[in-house]
Amino acid sequence: MLQKAGALDIERIRADFPILDIEVNGKQLVFLDNAASSQMPQPVIDRIVQYQTSEHANIHRAVHYLSEKATSEYEAARRKAQRFINAREEREVIFTSGTTDGINLVAHGFGRKFIGEGDEIILTTLEHHSNIVPWQMVAQEKGAKLRVVPIDDHGEILLDEYRKLLNASTRLVAVTHVSNALGTINPVKEMIAMAHEHGVPVLIDGAQAAPHMRVDVQELDCDFYAFSGHKLCGPTGIGILYGKAALLEKMQPFKGGGDMILSVTFEKTTYNTIPHKFEAGTPPIMAAIGLGAAIDYVSGLGMDAIAAQETELLDYATDRVNRMDGVRIIGTAERKAAVLSFAVEGVHPHDVGTLLNEEGVAIRTGHHCAQPVMQRFKVPATCRASFAFYNTPEEVDALVAAIRKVQKLFGVKE
Ligand SMILES: Cc1ncc(COP(=O)(O)O)c(C=O)c1O
């Protein structure tokens, strides 16, 4: 029915993802755990194989052919990431091992240098643990305080409360672009502008946004933006941290080692220029090149087309699940991306997840590394179906049918 939703030809796209063809428990796989990690298309797999079979050597170190080839492909991947988020300069793009690593880099490089006793860091209730714990560590070490913006019953940030929290002691705002637990799209552009009125820099956790919508860091005017490759059809172990050059220049390195230096004596080390100052040691070269290929792939489809397709699918899923008796959607924000969190009355989320797996349907159950969200909604866990552009309405139907089966099995519905 919605097979040709938006401008994307889903059937053709699905043919690029060999893993979507596998069977689980004798049933066709229905993969709805994309917020945890999305799947990799054949062109990305092929690019990785090509790199490993004909281009691999360590980078930035030697003058031989393979090292120069690997270096130029690694740096080309950086430029692809730069274009993908519209960063002004290539040197503002740092390869990390993922969103968590990017946030920790800012916590150590910026936080430990510029946050002190009595200072405040603003977070929101919607944050993933990886955008809470690093700030808690900095706050503990420096005697700073975390201030948390509350959310309403729909899972939307209370902007007036946020406005009240911004003050002369605020040193940083760290906020997620899209909530991984609820799917809420936060009004980050507005939040950034409000923080800047107080001269406060803003870090955006883009782990759940970069795979689902066009991100333009210059338009947002964010100071830092972090995301992961493995949620964007790329490999694990790679991610991007964008930072404004002027801030990155002032920050201290997070890790010391090879490649991040210009000169070393036992008395003194002079650090390399950005971005290399933040890329100590041998980086995940293959993963960076794979991420470049993943960026090519999704950019080829078009981020606006991906967003349109996924919105249509999420609307369809929301409508179908809303019509089910005994199933409650958690997170009903007006603007959402790709995530449907729900509870099945009378059945523990882990039982729902286990029984859905028997039907070949892969969803995530648990606290989704966002325990404050669970506390806010007074649930220990939720069931979470999360979509990618290659998912179909038929897969949503399979999810609904599987939930019905669970309800029957538990006798919570005829
Ligand atoms: C919103 C959000 N932030 C951060 C992360 C951490 O990403 P990674 O594990 O790739 O570092 C995730 C992963 O689920 C996430 O959803």
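Residues numbered from 1 in each chain as written. Predicted model: local features only at pLDDT ≥ 70, side-chain atom pairs only at ≥ 80, totals over all residues. Heavy atoms only, no water.

A. Structural detail: the side chain of Glu395. Its location among the elements puts Glu395 in helix H14 (residues 393-409). Look at Glu395 and you get buried, because its relative accessible area is 5%. Those residues in contact with Glu395, other than ones at most four positions away along the chain, are Arg14, Leu29, Val30, Phe31, Leu32 and Tyr390. (Helix = DSSP H or I, 4+ residues; strand = E, 2+ residues; numbered from the N terminus. Buried < 20%, exposed > 50% of the residue type's maximum accessible area, 1.4 Å probe, protein only. Contact = heavy atoms within 4.5 Å.)

B. Main features of the sheet that holds strand E7 (residues 170-176). In spatial order, the strands read E4-E10-E9-E8-E7-E5-E6; together these 7 strands make up an open sheet with mixed pairing. Of all strands in the sheet, those bounded by a partner on one side alone are strand E4 (93-96) and strand E6 (145-149). Across the sheet, the axes of successive neighbouring strands diverge by a mean angle of 20 degrees, strand direction being ignored. Lying on the sheet, helix H7 (residues 188-197) is in contact with strand E5 (120-124), E7 and strand E8 (202-205); it crosses E8 at an angle near 160 degrees. (Pairing = 2+ DSSP bridges. Axes fitted to C-alpha atoms, helices over the stretch in contact; angles between N-to-C directions.)

C. Spatial organisation of helix H2 (residues 42-54). In this model H2 runs 18 Å from its N-terminal to its C-terminal C-alpha over 13 residues, within 8% of the 18 Å that 1.5 Å per residue would give. If you check which residues of H2 are buried, you get Val44, Arg47, Ile48 and Tyr51. Taken end-on, H2 shows its buried residues confined to a sector of 95 degrees, consistent with a single buried face. As for H2, its buried residues are in contact with helix H3 (65-85) and helix H10 (285-301). (Expected span 1.5 Å × (residues − 1). Arc of directions from axis to C-beta.)

D. How the structure looks around the site of the ligand. As a structural note, the neighbourhood of the ligand is formed by 13 residues, with Thr100, Asp205, Gln208, Ser228 and Lys231 the closest of them. One nitrogen or oxygen atom from the side chain of Thr100 is found 2.5 Å from an oxygen atom belonging to the ligand. Expressed as a share of its isolated accessible area of 400 Å², the protein-covered part of the ligand is 85%. Looking at the shell around the ligand, its residues break down into 1 nonpolar, 10 polar and 2 charged. (Near = heavy atom within 4 Å. Polar contact = N/O pair within 3.5 Å; in protein donor to acceptor, adjacent residues only side chain to side chain. Areas by Shrake-Rupley, 256 points an atom, 1.4 Å probe, with all protein chains shown as cover. Nonpolar A, V, L, I, M, F, W, Y, C, P; charged D, E, K, R; others polar.)

E. Broad picture of the environment of Asp259. Looking at the element boundaries, Asp259 is found in the loop between helix H9 (245-250) and strand E11 (261-264). Here Asp259 falls in the buried class, since its relative accessible area comes to 18%. Leave out the neighbours within four places in its chain, and Asp259 touches His60, Arg61, Asn272, His276, Glu279 and Gly281. There is a polar contact of 3.0 Å between the side chain of Asp259 and the side chain of His60.

F. Region of the structure containing the nonpolar core. In this structure, Ile13, Phe84, Tyr162, Val173, Tyr225, Val298 and Phe389 are the most contacted members of the largest nonpolar core, which totals 80 residues. The element that contributes the greatest number of residues to this core is H10, accounting for 9 residues. In this structure Phe389 touches Leu8, Ile10, Ile13, Phe17, Cys233, Tyr297, Val298, Leu301, Ile306, Gln309 and Glu310, once residues within four positions along its chain are discounted. One finds Ala317, Val321, Ala402 and Ile403 within the second-largest nonpolar core, a separate group that totals 28 residues. (Core = buried A, V, L, I, M, F, W, Y, C linked by side-chain atoms within 4.5 Å.)

G. Layout of the pairing of strand E17 (residues 382-386). Counting buried residues along E17, 5 of its 5 residues qualify, which places the element largely inside the surrounding structure. Of the two faces of E17, the one carrying Thr382, Arg384 and Ser386 and the one carrying Cys383 and Ala385 are both buried. The sheet contact formed by strand E14 (residues 339-344) and E17 spans 4 bridges and is antiparallel. The partner of Phe342 across the bridge, within E17, is Cys383. Across 3 bridges, strand E16 (residues 364-366) lies against E17 in antiparallel orientation. Note that in E17 the partner of Gly366 across the bridge is Thr382.

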